[in-house]
Amino acid sequence: MKFKQVLLAAALTLGASAYAQTKWDLPAAYPASNFHTENLMQFAADVDKATAGKLKITVHANASLFKAPEIKRAVQQGQAQAGEILLVNFENENPLFGLDGVPFLATGYADSMKLYRAQKPALEKLLATQNMRLLYTVAWPPQGIYANKTLNSAADMKGLKWRAYSPATAKIAELVGAQPVTVQAAELSQALATGVVDSYMSSGSTGYDSKTYEHIKNWYNTQAWLPKNAIIVNAAAFGALDKPTQDAVLKAAADAETRGWKLSEEKNGWYVEQLKAKGMNIVQPTAQLNADLKKVGATMLNDWLAKAGPDGKAAVDAYRK
């Protein structure tokens, strides 16, 4: 009888090892209610279903596992198997990460997708040198300016306490004479409430999630750029998966990219309506403000091209074809 029990235990152990479950952590910087996070949760669920539970991905929302600036390094070093990053946050590390943060280069969803396709080969090449690979990207809705002050021209932006969350947004502050203050998304509500910042440039989504309408009453719909979140994976972690599981991840990622871009465009109008319903003025910028901001964009593109080298120039040339 004892011998039979030993055999049964051995069989059960063999069965368990044949069905070894892999667990991934995926840190993200935005609230669970944000459409990017909802899309990530669907991606994780799709992977779970397609692999019959063989790969479990846990999404850690709202910077609960790593703060936004720490996520990329965590994935690169294998502290997390995958993660969601805002590409423009890493422009100081390599200009290629900041291409979609250049104001007025791509101002709508179709142009933004075209820019992504032009940028993607260089981006994949860059991530490969850092022990990572790109799974998918999703654009944020177009960026506008939140400010209580009336902005008729860029001169009116002088002296604003401006939230800077990326090199591009810090550069805009420098060019218009605002005071840049580094504040990440998870800290924005508190920074507004305490007066650390009184203005910033972002999408309707961020304004809604952070309840900016409680502190700021104007959103200038400048449609300046559509920055992208990228879902990245540690190359070794991906390489350790068997081929069917890898294929399932890539398929779920392709679906998440298509779904996420569509969701972003649909949500854009919804977020703007919600801001309006909460008492925010949706302001179309004056011709002068638009002209001034386009000059800022031209300066930043020239600066970007000077830093970005052949791969950067090739991406912009491909986009402009």
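Residues numbered from 1 in each chain as written. Predicted model: local features only at pLDDT ≥ 70, side-chain atom pairs only at ≥ 80, totals over all residues. Heavy atoms only, no water.

Comments concerning the overall build of the chain
Put simply, the rule is: Secondary structure elements follow DSSP: runs of H or I no shorter than four residues count as helices, runs of E no shorter than two count as strands, and numbering proceeds from the N terminus. For the exposure calls, accessible area comes from a 1.4 Å probe over protein chains only, and a residue counts as buried if that area is under 20% of its type's maximum, exposed if over 50%, partly exposed in between. In what follows, a contact means two residues having at least one pair of non-hydrogen atoms within 4.5 Å.
Each helix and strand counted, the chain has ten helices and eleven strands in total. Overall size of the chain, expressed as C-alpha extent along the three principal axes, is 90 × 45 × 30 Å. Split into buried and exposed, the 321 residues of the chain put 51% on the buried side. Long-range pairs, those at least 24 residues apart, make up 76% of the contacts in the chain with a sequence separation of at least 6.

Some points on helix H5 (residues 167-176)
Considered for burial, the residues of H5 that qualify are Pro-167, Ala-168, Thr-169, Ile-172, Ala-173 and Val-176. Residues of H5 that are buried sit in contact with strand S6 (161-164), strand S7 (179-182), strand S8 (199-202) and helix H10 (287-320). Just downstream of H5 lies Gly-177, where phi reads positive at about 85°.

What to know about the side chain of Thr-206
Structurally, Thr-206 is set in helix H7 (residues 204-209). Those residues in contact with Thr-206, other than ones at most four positions away along the chain, are Trp-140, Arg-163, Leu-188, Tyr-200 and Thr-212.

Overview of the side chain of His-36
In this fold, His-36 is placed in helix H2 (residues 35-50). For His-36, a relative accessible area of 2% gives the class buried.

Focus: the pattern of salt bridges
The line we're drawing: For this document, the term salt bridge refers to a Lys or Arg side-chain nitrogen within 4 Å of an Asp or Glu carboxyl oxygen.
Using the criterion set out here, one finds 14 salt bridges in the structure. With its nearest N and O atoms 2.5 Å apart, the salt bridge here joins Asp-242 to Lys-54. Of this pair, Asp-242 sits in the loop between helix H8 (235-239) and helix H9 (243-277) while Lys-54 sits in the loop between H2 and strand S2 (55-60), and the two are 188 residues apart along the sequence. Of the charged contacts, one joins Lys-276 and Glu-273 as a salt bridge, the two residues approaching to 3.5 Å between their closest N and O atoms. You can see Lys-276 and its partner Glu-273 sitting in helix H9, three residues apart, about one turn around the helix. Residue class for Lys-276 comes out partly exposed when judged on its relative accessible area of 45%. Residue classification places Glu-273 among the partly exposed positions, given a relative accessible area of 45%. Each of Lys-171, Glu-174 and Asp-303 takes part in one network of salt bridges that share partners.

Examining the sheet that holds strand S10 (residues 228-234)
As a reminder of what qualifies: For two strands to count as paired, DSSP must find a minimum of two bridges between them. Fitted lines through C-alpha atoms give the axes, limited to the stretch in contact for helices. The angle between two N-to-C directions lies from 0 to 180 degrees.
Taken in spatial order, the three strands line up as S3-S10-S4 in an open sheet, and their pairing is antiparallel. Looking at which strands have only one partner, the edges of the open sheet turn out to be strand S3 (82-86) and strand S4 (132-139). Across the sheet, the mean angle from the axis of one strand to that of its neighbour is 25°, orientation sign disregarded. Of the strand pairs in this sheet, S4 and S10 are connected by seven bridges, and their pairing is antiparallel. Residue Arg-133 lies in a different strand from S10, and its bridge partner there is Val-233. Packing against the sheet, H2 makes contact with S3, S4 and S10, and its axis sits at approximately 130° to S4.

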